[in-house]
Amino acid sequence: MLPIVDPPPRDPYAAPKIDPEVATRWLVAFLRDECIERRGIKNAVIGLSGGVDSAVTAYLCARALGPQNVHLIRMPYRLSSAASLDDAQLVIDALGAVAHTIDISAAVDGYLQYEPDADPRRRGNVLARTRMLVLFDQSAKFAALPIGTGNKTERLLGYFTWHADDAPPINPLGDLFKTQVWELARYLGVPAPLIEKAPSADLEANQTDEGDLGIRYPRADAILSSMLLGYRDKQLTARGFDAAEVALVRRRLEGTHWKRHLPTTAMLSDTAINEFYLRPVDFS
Amino acid sequence: MQSDSHAARARIALVQSKPRKGDYIENLAALRAVFAQLAALDAPPQLVVLPEAALTGYFLEGAVYESARTAERFGHELSSLWRDVAGQRPGEIVAGFYEVESGSYYNSAIWLALDERETRILHVHRKLFLPTYGVFDEERFLSRGNRVQVFDSPLLGTTALLICEDVWHSLLPTIAALKGARSIVVPSAAPGRGIDGEGELLSVTRWRELLRGIAMEHGCFVLYAGLAGFEGGKGMTGSSCAIGPDGTILVKAEGDDACIVRAELFLDDIEIARANLPLLADLRAVLPDLLADEELPWSRGRSDAADR
C-alpha cells in the first residue's frame, strides 16, 4: 500500500491571508507618499474610536510620519461607552502621539433637540457625520491630512455612514478585510484589549458590528473574498459556504454599490467630469 | 474544440511510482496493487496520472528497445489491470511509456478513457523536446514528436498532455492553451540536483515555479506526476503536485518517495482565473501581429531557421 497524500482540509472559511510585515512596509510607504510627497503635508489627524481599525491606522501613521506629527482625536458623545475612551488611551500612551479629546455631545444634541423622534440609525449617522466635521476642521487647524480608517469588510457590506467614515481623502486599510486588520494589529503591537473586544461602531448602547450585520467577520471575509473573485452563489455553496450567509452577504454587497462611489451626476455635455473629462487623481 | 460536457468537479490521483528498472512484469503487478488501493477508496479517483516512463524507469539507454511497447499494447495492459480491480467502473488513466511504432521509438504518454462498454485511447503524446545534454541522452535513442494536440477528456474537458522538458519551453504550454486546453497534464521524470536550495533541492523549486507559472499564465489546471526512486545514483524527485488555474498549489507530495497524491478540482475555477487574469485572451489578440514579425526565423523558411 502506498501512502496517500491528501490536500489540506478544504476550509472555505479560511481567513484571507496577509503577510503583516510586507503589508506594513507597503502601507507606511503609501502614507509617506500620499501625505508628504504628493501633498507636502507632514501631519495626520485620525479619529481614535478605541477600536482596532483606528488604532492600526494610528500605528501606521506613527511609523510613517513620526508620532509627534500624528494627532489622535477622541470624539466621545455623552452616551458613548467609557471603555472606548480607555482603550483609545492605551493607544495614545503606547505611541506618544498628540492626543485631543473633543466632546461632540453639545454639537450633536444641538441638532437632535429639533429631531426628538430620530431613530437609532439616524442618530448614529448624525454622530458619524459630526465626527467627520470635527476631524476635517481639526485637520485645517493642524495643517494635517485626515486619514480614513474604514476596512474592506465594512466598505463592502456598506456598514458605514456615507460621507462620514469614508470621507477622508486617503485610507490605508480600505483594501484589508477585518480579519487581516486584526492580524496586522497583532503584528504592530496594538494593545490586546482592542484586538480582542467585539468590534462596535459605538453609536448605540451594547451595539456590536457582528450583531448588526448578522454574520461573524471571519465568515463574511471568507465569503466576500471569494465573491469578489467572481464566484456566483451556487459556486460558493458548492465549495461549502452556508447558503443563508452567502445570500446575506450578497444582498449587502449588491445593495450598497452606491456607497462606494461618488454621487451620481447627470451627464449633459460631452465634457462631463469623470465621464469625458478624465484625469487620474494624482495628475497635476 | 472546446468541450462543454466535462464534469463540474474532478477527483484525481497522481501516482508517484517507483518502478524497478527493467522488471516490467513486477512493475505491472505493483501498479495493479495501486489500482486496487485506489478502487477501494471511499471516493475513488476519476483520473489516475502516472509519471513519465512509469513502468520501466527513465534512464534505459539502449534497453529502451526491449522495453518499448505499441500504444495499443500498453493501453491494453493498463486497461486490463484497471478492469481486474475496478470492474466496469469508468475512469481515465494517463501514463508515460516508451513507445515503438514502425521501428521508431518515442518517449510518449497515453490517455485512456474507460467506461462500461469500452476502452478508448483518447490521445498519445510524443515528447517533442528530448533532453540530450548533461546527464540526459534521449535523442540518441528516441525520435521526436512533432505536434502539440488537445483532446476532449470526458472528465476535464479540453486537455493537453506534455512530457517533462516539453513544459520547460514556454511555447508548448502556450500552444496547448491557445488550442483550448483547460488542463495540462505533465508526466515527468526529474533527476534532482542543487543542494544550495532552501529546504529542498533547487531543481524541485525550479520545477514548481515553472508549473505555477504555466497555470497562472494560461488559467489552467496543471497536474504533475513525477517519477520516484534512484536510478544508478540519480534520484528522481517525485514532487507530484496539482496546481489550480490561479497558481495555487492544491496539493503536493511532501517527500520524494512513492506515494499517491489526491486532489479534487473545481473545474469552474478556470473561468474565474481567466476572468481575473486574462493573459490568454490578451495573447490571442496580439498573436497574429507577433507571428507576422519578419525578423522571426520561420519567415525565412525551415532550413534557415534550423541554421540559426
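Calculation notes
- Residues numbered from 1 in each chain as written.
- Chains lettered and ligands numbered in written order.
- Predicted model: local features only at pLDDT ≥ 70, side-chain atom pairs only at ≥ 80, totals over all residues.
- Heavy atoms only, no water.
- Core = buried A, V, L, I, M, F, W, Y, C linked by side-chain atoms within 4.5 Å.
- Buried < 20%, exposed > 50% of the residue type's maximum accessible area, 1.4 Å probe, protein only.
- Helix = DSSP H or I, 4+ residues; strand = E, 2+ residues; numbered from the N terminus.
- Contact = heavy atoms within 4.5 Å.
- Buried area = accessible area lost by both parts, 1.4 Å probe.
- Salt bridge = Lys/Arg side-chain N within 4 Å of Asp/Glu carboxyl O.
- Polar contact = N/O pair within 3.5 Å; in protein donor to acceptor, adjacent residues only side chain to side chain.
- Pairing = 2+ DSSP bridges.
- Right-handed = clockwise from strand over helix to strand, strands pointing away.
- Phe/Tyr/Trp six-rings, centres within 6.5 Å; stacked < 30°, edge-to-face > 60°.
- Axes fitted to C-alpha atoms, helices over the stretch in contact; angles between N-to-C directions.
- Parallel < 35°, antiparallel > 145°, perpendicular 65-115°, else oblique.
- Left-handed = near helix turned anticlockwise from the far one by under 90°.
- Nonpolar A, V, L, I, M, F, W, Y, C, P; charged D, E, K, R; others polar.

S.K.: Could you give an account of the nonpolar core, naming the residues involved and the relevant values?
M.R.: Counting 60 residues, the largest nonpolar core has Val56, Leu60, Leu72, Val91, Ile147, Leu184 and Val190 of chain A as its most contacted members. Counting residues per element, this core draws most heavily on helix H2 (residues 52-65) of chain A, at 10 residues. Sequence-distant contacts of Leu72 of chain A, defined by excluding residues within four places in its chain, comprise Ile46, Leu48, Ala58, Val91, Ile92, Leu95, Ala97, Val98, Ala99 and His100 of chain A. If you look at the next biggest cluster of nonpolar residues, it comprises 52 residues, including Cys164, Ala190, Phe221 and Val222 of chain B.

S.K.: Describe the interface of chain B and chain A, and please don't skip the residues or the numbers.
M.R.: Note: interface size is frequently given as the accessible area lost on complex formation between the parts. Counting residues at the interface gives 21 residues for chain B and 15 residues for chain A. Interface area, chain B with chain A, both sides summed: about 1,600 Å², of which 55% is carbon and sulfur. Sorting the residues of chain B by area buried against chain A places Gln37, Phe266 and Ile272 of chain B first, and these three jointly supply 33% of that buried surface. Taken together, chain B and chain A are joined by three salt bridges. Here Arg262 of chain B and Asp6 of chain A are joined by a salt bridge, their closest N and O atoms 2.6 Å apart. Taken together, the links from chain B to chain A amount to 12 residue pairs in polar contact (both at pLDDT 80 or more).

S.K.: Please provide a residue-by-residue account of the side chain of Arg239 of chain A, values included.
M.R.: Counting through the fold element by element, Arg239 of chain A comes out in the loop between helix H11 (233-238) and helix H12 (243-254). Within polar-contact distance, the side chain of Arg239 of chain A engages the side chain of Asp269 of chain B at 2.7 Å. Setting aside its immediate chain neighbours within four residues, Arg239 of chain A contacts Pro12 and Tyr231 of chain A together with Phe266, Asp268 and Asp269 of chain B.

S.K.: Account for unusual backbone geometry, naming residues and giving values.
M.R.: Residues and elements named next belong to chain B. The phi torsion at Glu61 lies on the positive side, around 50 degrees, for a residue other than glycine. You can see Glu61 is positioned in the loop between strand S2 (47-49) and helix H2 (64-67). Located in the positive-phi region is Cys164, a residue other than glycine, with phi close to 40 degrees. If you trace the backbone, Cys164 turns up in the loop between strand S7 (157-161) and helix H5 (171-178).

S.K.: Could you give an account of the pairing of strand S9 (residues 221-226) of chain B, naming the residues involved and the relevant values?
M.R.: Residue and element names in this part refer to chain B. With six of its six residues buried, S9 lies for the most part within the structure. Side chains Phe221, Leu223 and Ala225 of S9 all project onto a buried face; the interleaved residues Val222, Tyr224 and Gly226 project onto the opposite face, where all are buried too. Summarising the sheet, strand S8 (residues 183-188) and S9 pair through six bridges and their orientation is parallel. Within S9, the residue paired with Val185 across the bridge is Leu223. As for the winding sense of the linkage, the β-α-β connection from S8 through helix H6 (residues 202-218) to S9 is right-handed.

S.K.: Summarise the packing of aromatic side chains; cite the residues concerned and give the values.
M.R.: All names here are of chain B. This structure, assessed with the given rule, holds 14 aromatic pairs over all chains. Aromatic pair Trp207 and Tyr224: ring centres 4.8 Å apart, planes at 45 degrees, arrangement tilted. Highlighted residues: Trp207 in helix H6 and Tyr224 in strand S9, separated in sequence by 17 residues. Given the relative accessible area of 7%, Trp207 is considered buried. Residue Tyr224 is classed as buried on the basis of its relative accessible area of 1%.

S.K.: Give a detailed account of the packing of helix H4 (residues 105-112) of chain A against helix H5 (residues 120-141) of chain A, specifying residues and quantitative values.
M.R.: All names here are of chain A. H5 packs onto H4 with a crossing angle of 135 degrees between their chain directions and a minimal axis gap of 10 Å. Of the possible angle classes, the one that applies to H4 and H5 is oblique. The two elements H4 and H5 cross, and the hand of that crossing is right-handed. Contacts between H4 and H5 involve Ala107, Val108, Tyr111 and Leu112 from the former and Arg123, Val126, Leu127 and Thr130 from the latter. Of the residues contributing to the contact of H4 with H5, the split by class is six nonpolar, one polar and one charged.

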